Amino acid sequence: LGLSAEEKKVHGVTLEGPWRGEIPVRISIYYYAEHNLLYKSADHYVRLFSSSVSRGGTGGGRYGQVARATVSGREGRVFERIKNEFRPIENKLPPPGRPSVNDPKVYDRREMMAKPVPVRERFVVLAAKSGFYALRYSAHAETFQVFLPVFQRVTSSFSAKL
């Protein structure tokens, strides 16, 4: 949006860990203040990320049930989804103007060539006095379980201030 974190009323951090396959392991912790410019409420955030219905179609994702949880002494919600993240295909095409012998496709925009990578995510959404917290773990679907204990340690040690 071209605004500062203070103007958006969104504060947090995303940490990227080891790459397993084509994407890095990510853990994000964000605080969305009341009247932030991205999400109207914690309910709005949960609706957007926990089902394909709110996104206007199936989108190829798989969504788990939203469950209640208590983290840092706060009531919250936990859910998972599997979605595709599109990563660039390795550029094996010859320079423009020289067609590939084995590739019958025509690429108008070579930078748009991407392939879907299945990403599994876990979300923990916690109410705050004014706004809400969103903790998120993302990893390649095949290696999700490997780093899940790290995210569980983050959530179990999380201490909300507001």
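What counts, and at which threshold
Counting starts from 1 at the beginning of each chain's written sequence and moves along it residue by residue. Given that this is a predicted model, residues contribute local features only at a pLDDT of at least 70 and side-chain atom pairs are listed and counted only at 80 or more, while totals for whole chains, interfaces and linings are drawn from all residues. Side-chain numbers come from the whole structure's heavy atoms, not from hydrogens or water. What makes a salt bridge here is a side-chain nitrogen of Lys or Arg within 4 Å of a carboxyl oxygen of Asp or Glu, nothing more. For helices the rule is a DSSP run of H or I covering at least 4 residues; for strands it is a run of E covering at least 2, with both sets numbered from the N terminus onward. To sort residues, take the accessible area from a 1.4 Å probe on protein chains only and compare it with the maximum for the residue type: under 20% means buried, over 50% means exposed, and anything in between is partly exposed. Values of pLDDT, which run from 0 to 100, indicate the predictor's confidence residue by residue. Two residues qualify as a contact provided that any one of their heavy atoms is within 4.5 Å of a heavy atom in the partner residue. Pairing between strands is defined by DSSP: at least two bridges between them are needed.

Asker: Any chance you could explain the pattern of salt bridges here in plain terms?
Answerer: Any two side chains of opposite charge can pair, given that their charged atoms come close. Throughout the structure, instances matching the rule amount to nine salt bridges. Put simply, Arg77 and Asp43 hold a salt bridge, and the shortest N to O gap is 2.7 Å. With Arg77 in strand 5 (residues 74-88) and Asp43 in helix 2 (residues 42-50), this residue pair connects regions lying 34 residues apart in the sequence. Overall, Arg77 belongs to the buried group, its relative accessible area being 16%. One network of salt bridges, with partners in common, ties together Glu16, Arg26, Glu85 and Arg87.

Asker: Before we go on, may I ask you to explain unusual backbone geometry in this structure?
Answerer: With glycine set apart, most residues show a phi of negative sign, and most peptide bonds adopt trans. Phi is positive for Lys9, close to 65°, though the residue is something other than glycine. Within the element layout of this structure, Lys9 appears in the loop between helix 1 (5-8) and strand 1 (10-20). Phi angles above zero are rare outside glycine, and His35 is one such case at about 65°. Along the chain, the position of His35 falls in the loop between strand 2 (23-33) and helix 2. Of the residues examined, His35 reaches a relative accessible area of 61% and is grouped as exposed.

Asker: I would appreciate a short explanation of the confidence of the model for the chain in the present structure.
Answerer: Reading fine detail from the predicted coordinates is not recommended where pLDDT is low. Per-residue pLDDT for the chain has a mean of 84; in total, 80% of the residues score no lower than 70. By mean pLDDT, the top-scoring element of the chain is strand 7 (residues 131-140) (96), and the lowest-scoring one is helix 1 (84). With pLDDT under 50 throughout, residues 54-58 is counted as low confidence; its partners more than four residues away or in other chains account for seven contacts.

Asker: Sorry if this is basic, but what is going on with the environment of Gly12 here?
Answerer: Locating Gly12 in the fold gives a position in strand 1. As a C-alpha pair, Gly12 and Ser28 span 16 residues in sequence and 7.4 Å in three-dimensional space. Each residue touching Gly12, except ones within four places of it in the same chain, is listed here: Ile29 and Tyr30.

Asker: Looking at this structure, how should I read the pairing of strand 1?
Answerer: Across a regular strand the side chains alternate sides, sitting on one face of the sheet and then on the other. In terms of strand pairing, strand 1 meets strand 2 through nine bridges, oriented antiparallel. Pairing of Leu15 across the sheet is with Ile27, part of strand 2. Linking strand 1 to strand 2, which pair antiparallel, is a turn of two residues; within it Gly21 sits at a positive phi near 85°.

Asker: Can you walk me through the pairing of strand 5 in this structure?
Answerer: Bridge count for strand 3 (residues 62-63) against strand 5 is two bridges, and the pairing is antiparallel. Its bridge partner lying in strand 5, Arg62 is registered against Ile82. As defined by bridge partners, strand 4 (residues 67-71) adjoins strand 5 across five bridges and the pair is classed as antiparallel. Within strand 5, the residue paired with Ala69 across the bridge is Gly76. Where strand 4 hands over to strand 5, the hairpin turn is made up of two residues, of which Ser72 adopts a positive phi near 55°. Sheet topology places strand 5 next to strand 6 (residues 114-128); 13 bridges connect them, and they run antiparallel. Within strand 6, the residue paired with Phe79 across the bridge is Phe123.

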